Amino acid sequence: MDRNTLRACREDPRRTSTDIQISVTSPNEPVPSRRTIRRLCNLLDCMDEDQSKNHSYAPQYQCPTVKHGGGSVMVWGCFPDTSIGPLKRIVGTMDRYVYEDILENTMRPWARANLGRSWVFQQDNNPKHTSGHVANWFRRRRVDLLEWPSQSPDFNPIEHMWEELERRLKRSLIRCQTLLDSMPRRCQAVIDAKGYPTKY
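Sequence order sets the numbering: in each chain, residues are counted from 1 along the sequence as written. Local features are withheld for residues below a pLDDT of 70 in this predicted model, meaning they are given only at 70 or higher, and side-chain atom pairs are given and counted only at 80 or more; totals for whole chains, interfaces and linings count all residues. Values reported for side chains reflect all heavy atoms of the structure, with hydrogen atoms and water molecules removed beforehand.

Here the focus is helix α4 (residues 96-114). The helix count covers DSSP runs of H or I at least four residues long, the strand count covers runs of E at least two residues long, and both are numbered beginning at the N terminus. One fewer than the residue count of a helix, multiplied by 1.5 Å, yields its expected span. Here α4 is 19 residues long and its end C-alpha atoms lie 25 Å apart, about the 27 Å a rise of 1.5 Å per residue gives. Along α4, the positions that sit buried rather than exposed are Tyr99, Glu100, Ile102, Leu103, Thr106, Met107, Arg108, Trp110 and Ala111. Taken together, the buried residues of α4 touch β1 (74-77), β2 (87-90), β3 (120-121), α5 (127-130) and α6 (132-140). Glycine 116, located one to two residues past α4, shows a positive phi value of around 75°. Accessibility here uses a 1.4 Å probe with only protein chains present; expressed as a share of the type maximum, an area under 20% marks a residue as buried, one over 50% as exposed, and anything in between as partly exposed. Residue contacts are defined here by distance: any two heavy atoms, one from each residue, within 4.5 Å place the two residues in contact.

Looking now at unusual backbone geometry. Positive phi, close to 55°, is recorded for arginine 142, a residue that is not glycine. Mapping arginine 142 onto the fold places it in the loop between α6 and β4 (144-145).

Working definition: a ring pair exists when centres of Phe, Tyr or Trp rings (six-membered ring for Trp) sit within 6.5 Å. Plane angles under 30 degrees give stacked, over 60 give edge-to-face, the rest tilted. According to the stated counting rule, one finds 2 aromatic pairs in the structure shown. Between phenylalanine 121 and phenylalanine 138 the ring centres are 5.6 Å apart and the planes differ by 35°, which places this aromatic pair in the tilted class. Residue phenylalanine 121 is located in strand β3, and its partner phenylalanine 138 is located in helix α6; the two are separated by 17 residues in the primary sequence. Overall, the relative accessible area of 4% leaves phenylalanine 138 in the buried class. For the pair tryptophan 137 and phenylalanine 138, a centre-to-centre distance of 5.2 Å together with 85° between the ring planes defines the contact as edge-to-face. Given the relative accessible area of 0%, tryptophan 137 is considered buried. Three or more aromatic residues link up through ring pairs in this structure, and these residues are Phe121, Trp137 and Phe138.

Right, let's talk about the nonpolar core for a bit. Joining through side-chain atoms within 4.5 Å is the link that ties buried Ala, Val, Leu, Ile, Met, Phe, Trp, Tyr and Cys residues into a set, and such a set is a nonpolar core. Trp76, Tyr99, Leu103, Met107, Phe121 and Phe138 are the most contacted members of the largest nonpolar core, which totals 16 residues. Going through the elements one at a time, α4 and α6 are the ones with two or more residues in this core. In terms of residue count, α4 provides more of this core than any other element does, 6 residues in total. Here leucine 103 is in contact with Arg108, Pro109, Phe121, Val134, Trp137 and Phe138, once residues within four sequence places are set aside. Within the second largest apolar cluster, 7 residues are counted, among which are Ala8, Cys9, Ile20 and Val24.

On to a positive patch on the surface, then. Like-charged residues are merged into a patch within 9 Å and nonpolar side chains (Val, Leu, Ile, Met, Phe, Trp, Tyr) within 5 Å, provided each residue has over 30% relative accessible area and no salt bridge. To be clear on the numbers: accessible area is Shrake-Rupley with a 1.4 Å probe, and residue cover counts the displayed protein chains and nothing else. By definition, a salt bridge exists where a carboxyl oxygen of Asp or Glu is found within 4 Å of a side-chain nitrogen of Lys or Arg. His is not counted, nor are the chain ends, whereas Lys and Arg count as positive and Asp and Glu as negative. Where a charge lies is defined by one atom per residue type, namely NZ (Lys), CZ (Arg), CG (Asp) and CD (Glu). Taken together, Arg34, Arg35, Arg38 and Arg39 make up a surface patch of like positive charges. The topology assignment puts arginine 39 in helix α3 (residues 34-51).

What follows concerns the side chain of arginine 108. Structurally, arginine 108 can be placed in helix α4. Beyond its immediate stretch of four places on either side in the chain, arginine 108 contacts Leu103, Trp137 and Arg141.

Two elements in contact, helix α7 (residues 157-181) and helix α8 (residues 183-192), have axes separated by 5 Å at closest approach and are oriented at 40°. Relative to α8, the element α7 lies oblique. The segment α7 lies against α8, with Leu179, Leu180 and Asp181 engaging Met183, Pro184, Arg185 and Arg186. The residue inventory of the contact of α7 with α8, partitioned by class, reads 4 nonpolar, no polar and 3 charged. Under this scheme, a helix contributes an axis fitted over its contacting stretch, all axes are lines through C-alpha atoms, and angles between N-to-C directions fall in the 0 to 180 degree range. Any angle between 65 and 115 degrees counts as roughly perpendicular, while under 35 counts as roughly parallel, over 145 as roughly antiparallel, and the rest as oblique. Classification used: nonpolar for Ala, Val, Leu, Ile, Met, Phe, Trp, Tyr, Cys and Pro, charged for Asp, Glu, Lys and Arg, polar for all others including Gly.

See the structure below:
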């Protein structure tokens with residue numbers, strides 16, 4: 001089972017431990033845990049690194065990346081005073097029709113299930129939010145809408161939530177980099193422990 005696991009790791013280093021677990025399991029043998037599979041694959045990576053410092057440049061270890069500094073994802077979200085609402089990924093351009101679809105198929109069912117009948121919807125004055133098309137949706141669905149003048153400052157609390165989310169994501173990226181920076185020490189610890197558990 002260990003040999004089959006190591007072979008599977010070597011053939012495609014980007015396979016998940018779950019995929020490897022399925023491929024190496026036979027009816028008459030115990031099922032290896034995903035943790036054991038990850039340990040064996042990490043050990044293999046460390047041994048390969050020991051043999052050739054440039055193994056990470058081999059094509060099987062390469063993952064496609066975005067070269068222009070990253071992409072972006074547009075999402076729609078909401079929250080009341082009692083919980084956090086749904087988060088909906090927007091593919092393509094957000095226009096009044098996409099917005100109406102989100103209101104109809106994401107916001108409204110969630111609000112009906114979680115808020116009951118007495119609530120007021122707040123949105124900013126973005127033109128797609130205030131279009132006649134969307135205004136008709138609010139009227140047809142009898143959704144109370146908090147209104148404010150078009151030139152007023154944006155005091156929508158979700159803007160602060162987006163800022164908080166961005167701050168937390170940046171902290172997560174720093175944490176990821178710290179973990180990646182620790183990989184040489186982790187690999188050496190695994191080599192020193194001959195594949196047995198380490199302090200990591």
